[in-house]
Amino acid sequence: MNNNLKVVNIGHYINRTGTLFLHSLLDNHPQILTIPGVLNFNDILKNKISSSEKALELFENENPKFFDTSSFNIFDKNNSQLFYLGEEKKSKIITNKRVFKETFFEVLKEFGDLSKGNIIKSVYLAYAISHNQKLDEKKILLLHPHEQKICLKFKKFFPSSKFLIPIRNPIKVYFSLIETRRAKCKLRDMPYYPRGSFKEFIEGLNNFKKNNLNMYVIRLEDLGNKMEDTMKKICEYINIEFN
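Conventions we followed
- Residues numbered from 1 in each chain as written.
- Predicted model: local features only at pLDDT ≥ 70, side-chain atom pairs only at ≥ 80, totals over all residues.
- Heavy atoms only, no water.
- Patch = residues over 30% accessible without salt bridge, like charges linked within 9 Å, V, L, I, M, F, W, Y side chains within 5 Å.
- Areas by Shrake-Rupley, 256 points an atom, 1.4 Å probe, with all protein chains shown as cover.
- Salt bridge = Lys/Arg side-chain N within 4 Å of Asp/Glu carboxyl O.
- Lys, Arg positive; Asp, Glu negative; His and termini not counted.
- Charge placed at Lys NZ, Arg CZ, Asp CG, Glu CD.
- Helix = DSSP H or I, 4+ residues; strand = E, 2+ residues; numbered from the N terminus.
- Pairing = 2+ DSSP bridges.
- Axes fitted to C-alpha atoms, helices over the stretch in contact; angles between N-to-C directions.
- Contact = heavy atoms within 4.5 Å.
- Phe/Tyr/Trp six-rings, centres within 6.5 Å; stacked < 30°, edge-to-face > 60°.
- Buried < 20%, exposed > 50% of the residue type's maximum accessible area, 1.4 Å probe, protein only.
- Lys NZ or Arg CZ within 6 Å of the ring centre and 35° of its normal.
- Polar contact = N/O pair within 3.5 Å; in protein donor to acceptor, adjacent residues only side chain to side chain.
- Core = buried A, V, L, I, M, F, W, Y, C linked by side-chain atoms within 4.5 Å.

## Section: a positive patch on the surface
On the surface, K77, K149, K153 and K156 cluster together into a patch of positive charge. By the secondary structure assignment, K156 is in helix α6 (residues 148-157).

This is how it looks when you write it as structure tokens:
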């Protein structure tokens, strides 16, 4: 098992800034080990874990559609549009549940303790092994804590890790937030009300700076207008070859 992976996180201080887009540009890099989309670790983060079996139980309960991405739908939290893959929007990612479980227990046992960081890393390593990825070629473990508060928790679990933080024109962000909420309310037959988030806009990157995150800030517009140059800078920051 490759224990020399450097942890890099993708996160934001407000939604609709392009974290999933950035993740999709990185997740097929041969030196990066990651899992597409955003996983839910809330129960693992807030509970005391007494055994590897309990850790896996909490993970499966929070990620019930993890083993077959086609089972996701628009109503699922953190669906990351994984039910909408491929050119024809019908592709899916199937993870062998038996192999994943066996590997998860083996990897976590090899780590030697049930720390939150080791549990999270074991999930990613078990996924990679289940999909026959070449661990010896990997240099980066790419996590996607996504929300600001979870990013700050991941900073405690992985103190030497780096963070990739996309930002975007705030007017476009706010209009995107409004349109997304309106669409979800219509689908779910719920009354529409405007999205808040002014507090997040005002605070911006301040909480990340206060907590001394080693972060690289990426303008979403640059990923659209200067993609290759921007991706080269990102690869340089996380110390991998541009691919």
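## A look at the pairing of strand β4 (residues 162-167)
Examined bridge by bridge, strand β1 (residues 6-11) and β4 share three bridges and lie parallel to one another. Paired with N9 across the bridge in β4 is F163. The pairing of β4 with strand β5 (residues 215-219) spans five bridges and is classified as parallel. Counterpart to F163 in the pairing with β5 is M215.

## Here's the deal with the sheet that holds β4
With parallel pairing, the five strands of this open sheet are ordered in space as β2-β3-β1-β4-β5. Pairing within the sheet leaves two strands with one partner each, and these edge strands are β2 (32-34) and β5. Sheet twist, expressed as the mean angle between neighbouring strand axes with direction ignored, is 30 degrees. Summarising the sheet, β1 and strand β3 (residues 140-146) pair through five bridges and their orientation is parallel. In the strand pairing of β3, N9 is matched with L143. Relative to the sheet, α6 contacts β1, β3 and β4, its axis offset from that of β3 by approximately 140 degrees.

## Quick look at the packing of aromatic side chains
Evaluation of the coordinates by the stated rule reveals 13 aromatic pairs. With centroids separated by 5.1 Å and ring planes inclined at 80 degrees, the aromatic side chains of F66 and F67 adopt a geometry described as edge-to-face. As far as burial versus exposure is concerned, F66 and F67 are alike and both buried. When the centroid spacing of 5.2 Å and the interplanar angle of 25 degrees are considered together, the rings of Y216 and Y237 count as stacked. Of this pair, Y216 sits in strand β5 while Y237 sits in helix α11 (residues 227-238), placing them 21 residues apart in sequence. Taking the relative accessible area as the measure of exposure, Y216 reaches 23% and is therefore partly exposed. Each residue in the set F41, F59, F66, F67, F100, F104, F105, Y127, F154, F157 and F158 is aromatic and connected to the rest through ring pairs, giving one cluster. Its guanidinium or amino end placed over the ring of Y237, K162 lies 4.7 Å from that ring's centre, counting from NZ or CZ. The side chain of K232 reaches across the aromatic face of F242, ending 5.5 Å from its centre.

## Side note on the environment of D76
Structurally, the position occupied by D76 is in the loop between α3 (52-62) and α4 (97-111). Along the primary structure D76 and K65 are separated by 11 residues, whereas in three dimensions their C-alpha atoms are 9.4 Å apart. Sequence-distant contacts of D76, defined by excluding residues within four places in its chain, comprise K65 and S71.

## Description of the side chain of Q31
Following the sequence through the fold, Q31 ends up in the loop between α1 (19-26) and β2. Using a relative accessible area of 13% as the deciding quantity, one classes Q31 as buried. Within polar-contact distance, the side chain of Q31 engages the backbone nitrogen of E241 at 3.0 Å. Setting aside residues up to four positions removed in sequence, Q31 forms contacts with E137, K138, K139, I140, I240 and E241.

## Some details on the pattern of salt bridges
One pass over the structure, following the stated rule, counts nine salt bridges. Where K46 meets D43, a salt bridge forms, and the shortest distance between an N and an O atom there is 3.6 Å. Of this pair, K46 and D43 both sit in helix α2 (residues 42-46), three residues apart, roughly one helical turn. In this structure, R98 and E102 form a salt bridge, with 3.3 Å as the shortest nitrogen-oxygen distance. One end of the pair, R98, and the other, E102, are both in helix α4, four residues apart, so they sit about a helical turn from each other.

## Regarding the nonpolar core
Of all hydrophobic cores here, the largest spans 34 residues; its most connected members are F41, F100 and Y124. Of all the secondary-structure elements, those providing two or more residues to this core are α2, α3, α4, α5 (116-130), β3 and α6. Ranked by residue count, the leading element in this core is α5, at eight residues. Apart from the residues lying within four places of it in its own chain, the contact partners of Y124 are L33, T34, I35, L39, F41, L141, L142, L143 and H144. Core analysis: the second largest hydrophobic core is formed by 17 residues, V8, I218, Y237 and I240 among them.

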